[in-house]
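Residue strings, one per chain:
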Amino acid sequence: MVNNATAAIIRQMIISLFEWVGEETIKGVVTGVEISSSDFALSHAQDALLVLSDVTCRLDDAKCAALDLSKVDKPFALDLIESVLVNHGDVIRAHRQFSTLIRDRICPYLIENLKQTTSDFAKTCRHWRIIQFLITEFNDLFPDEVEIFLAFGIRILRESNLNWECAMVLEVTKSIFQSQKLIEEIYLIFEKKESPRIFKDMMEVTMETIEKVLDSHPSDSQGQIADAMGKSSVLTQFDKSSPPVVSPIALLLLAYEAFNCWFVRLLNFFKSSCSKKNQEGLIIYISFKDVNINPKRVSVLTDLVLFCGFRLCQLMERIFVELDSLQLHNTTIEFFSKALVIFSVFEFKSQLRTLAEILLSLSKGKGNGNLLMIQMILETGHGIGELLEDSLIIMVQTIHLTEQLQNQKSRISQQPQNAVLDDALAKSIDLSVSFAESTVIWEEKSFNFLIEAYKKLIEEQSLIFPDEKKNASLILILNKFKRLISLNMVRFVEEEKCSLSWELLMEEFGEMMKLKDVSIRQSSIEIVSLIVDLFIKSVPPIKMKSSHSKASDSSCDNFQMRILSPLTKFAISVSWVDVHRVLLDSVIKYVQVFGECLCETSWSLIWSILKEDLKIICNYRNTAVPEQQESYIGLYQKVHDIVKIASGDFLAAIPISSLPALIDIIAQIGEISLPGELNIPLNTVRYLWDISDFLCSKSVKDVFGLWKELLRHLSRLSLDSRPELRNSAVQTLLRTINMNGSSLK
């Protein structure tokens, strides 16, 4: 064994020699006069090769050819070899004689020693340090040897009981996943092979290591984690004679860090090939259509991510739940954020759904709802909401949870201030708004999934909460509906395609309006009123006219039916007077704007709505509940207002076939007697006169049936118990016969 002084001299001699060779190599590249095979023997490179060969001889106790290194021990020889590999890779690559020596002498030595079971920590550590560098820097020169090294590493992780030995292999694995250049070269290698298994096997065994540690249920995990995070790398302790203590938790952390490095490098690989950036210049969510990657490599990457991504996320969930460490929780959250982006790149819908479910579950399970998890899910929805399809239920659950947290925070004014959580909540609320805004450009199919998701959320809330909390929760959901509708009204008024989401929305509002809770009914009808207002603003009357000829039924295949059909269904199915009053406000606005454009079917729907309202008023008159009088009188007045508009401003626009129903409704209004309401019945007599005058002045053909109905209703009103109405009806009846008698022949 050489002493320290001699070792230093030998080391310096070899370093100087290889530096000379490096200078020769650089000079040859610059001048274009590189060292040829014939000149190699006369160069410093030949001397360096002989010295390295003699050092290599010490590994298997062979006789040296140029130097007497008999007193150089194996650990020192391994240190010298590592020094050459680490510092003079350019020389090794420039002269194939060096790579041949490594392949023929050093690699076989390492492989032979890997076959043997040993407890010699220092020697094993030096072996893996050299292997690590051969893999990360020279894998292209020694691909077969690298595959053998990795295979031995896999065997050690599966079979070895020595934690320090497993730690060495995991540190090498981490260095592989940490090398951007190496990762890309591995992808290239995969493209050339039919069944590349070794890299997958490394991933597999690394995940197995995490599972093994978690399954052992380590005690005092928090203490072990803190201890492991503060310790040095095992491979850096090669100068020690005995191995360091390595806990199972330390192995788990190494395996976790390895995969975290791989996800980081994978994202960097995409970013370097992608031009889609946000204002800060960072990639948010990208897909392969944004990335310039060879299609074959896409297939390779897809295979790798599918192979390990989903299982990794499940392992990260276990780490988050089972190990009590704030630092580890934070790094796990970062891992999830990378996974979300990667899954979105590959458009893995099922993986995205599962990951979103994991995040939502974790966000509910930690204090303050773990707003970082919530924020991450919302960022996902904002970036790739359309891809989630039936998984959008996760998004709407998260948005709902965010708003519940905000409401809870606003109610508890005395709660301690936490700037981090407040900021996270504010960002989550902003993301909820951004998510709603992003739906404007969604395809119809995706938007339908979103509406279905909100319907499922309503069902969930109805099952989870008692009445009081359920009502508050449902109002929050209705407010989100209002935001979506305001943003997407253009979607609902497109003539060419009737939106299924429109039907889903109307169906849900109809159910909400049936509930006993006044606040929910009011919120629902307010949204319907908003829809009508937005519809009126979005559809010009000229466009409504163009759909006149198409309006042959009550489907939503045209503009006219798009609003009137659901309003009619509401009027028929909902009995609450407060709902009917607001519905009539919407009908009034609708008729005022589009009255001249409406077809027969549209007027028939309007008459159906009014008839339902008249039924409700008649039922009230029979029960006569005093405290409800004002509401029913208000409803009665609104029915009258619509009739007044129809028989006054739009009588000429109403098809003749729709007039009998109008005459019948006017007569019903006149026959209803409510306390303090006489002007409206008197007005109905005038409206009947206006119709008779219209029928005569317009020379309308085939109106005998209309005259018959008109006179019949005037006759009935002439027998009313109220003298004012009776006298007015008699006078109008006689005047009608007198002035229009010729039309009655």
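Structure shown above.
Given the structure is predicted, the values throughout are model-derived calculations rather than measurements.

(A) Fine view of the overall build of the protein. Looking only at helices and strands, one finds 32 helices and zero strands in the protein. Taking contacts inside the protein between residues at least 6 apart in sequence as the whole, the part at least 24 apart equals 75%. Looking at the protein as shown, the accessible area adds up to about 33,700 Å², and 51% of this sits on carbon and sulfur atoms.

(B) Seen up close, the nonpolar core. Residues Leu134 and Trp262 are the most contacted members of the largest nonpolar core, which totals 116 residues. Here this core takes 15 residues from helix α13 (residues 248–272), the largest share from any one element. Here Leu134 is in contact with Leu85, Ile102, Cys107, Leu110, Asn139, Phe142, Val146 and Phe149, once residues within four sequence places are set aside. Grouped together as the second largest cluster of nonpolar side chains are 114 residues, Leu505, Val532, Val639 and Leu662 included.

(C) Broad picture of the packing of helix α28 (residues 629–648) against helix α30 (residues 679–697). Look at α28 against α30: their axes get within 11 Å of each other, and the N-to-C directions meet at 20°. Comparing their axes, α30 and α28 come out roughly parallel. Relative to α30, the crossing made by α28 is left-handed. Contact with α28, carried on its side by Tyr636, Gln637, His640, Val643, Lys644 and Ser647, involves Ile680, Pro681, Asn683 and Tyr687 of α30 and no other residues of that element. Here the residues of the contact of α28 with α30 are counted per class, giving five nonpolar, four polar and one charged.

(D) Region of interest: empty space enclosed by the protein. With the rule as written, the count across this model stands at three cavities of 30 Å³ or more. Put simply, the largest cavity is a space of about 40 Å³. Along the walls of the largest cavity sit Ile399, Ser432, Phe435, Ala436, Tyr454, Lys480, Arg483 and Leu484, which together make up its complete lining. Elements supplying a minimum of two residues to the lining of the largest cavity: α19 (419–438) and α21 (467–492).

(E) Fine view of helix α4 (residues 74–87). Here α4 is 14 residues long and its end C-alpha atoms lie 20 Å apart, about the 20 Å a rise of 1.5 Å per residue gives. The element α4 is extensively covered by neighbouring structure, given that 10 of its 14 residues are classed as buried. By the burial criterion, the buried members of α4 are Phe76, Ala77, Leu78, Asp79, Leu80, Ile81, Glu82, Ser83, Val84 and Leu85. The distance from a side-chain oxygen at the start of α4 to the backbone nitrogen of Phe76 is 3.0 Å, and the residue carrying that oxygen is Asp73.

(F) Up close: the packing of helix α29 (residues 659–671) against α30. In the contact formed by α29 and α30, the axes pass within 8 Å of each other and the chain directions differ by 155°. If you check the angle between α29 and α30, you find them roughly antiparallel. Here α29 runs over α30; the crossing is left-handed. Contact residues: Leu659, Leu662, Ile663, Ile666, Ile669 and Gly670 in α29; Ile680, Pro681, Thr684, Tyr687, Leu688, Ile691, Phe694 and Leu695 in α30. Residues belonging to the contact of α29 with α30 are distributed by class as follows: 12 nonpolar, two polar and no charged.

So, how was this worked out
- Residues numbered from 1 in each chain as written.
- Predicted model: local features only at pLDDT ≥ 70, side-chain atom pairs only at ≥ 80, totals over all residues.
- Heavy atoms only, no water.
- Helix = DSSP H or I, 4+ residues; strand = E, 2+ residues; numbered from the N terminus.
- Contact = heavy atoms within 4.5 Å.
- Areas by Shrake-Rupley, 256 points an atom, 1.4 Å probe, with all protein chains shown as cover.
- Core = buried A, V, L, I, M, F, W, Y, C linked by side-chain atoms within 4.5 Å.
- Buried < 20%, exposed > 50% of the residue type's maximum accessible area, 1.4 Å probe, protein only.
- Axes fitted to C-alpha atoms, helices over the stretch in contact; angles between N-to-C directions.
- Parallel < 35°, antiparallel > 145°, perpendicular 65-115°, else oblique.
- Left-handed = near helix turned anticlockwise from the far one by under 90°.
- Nonpolar A, V, L, I, M, F, W, Y, C, P; charged D, E, K, R; others polar.
- 1 Å grid on protein atoms, 1.4 Å probe; cavity = no way out; pocket = protein on both sides within 12 Å on 5 of 7 lines; lining within 4 Å.
- Points joined across faces, edges and corners; volume = space filled by probe spheres on them.
- Expected span 1.5 Å × (residues − 1).
- Polar contact = N/O pair within 3.5 Å; in protein donor to acceptor, adjacent residues only side chain to side chain.

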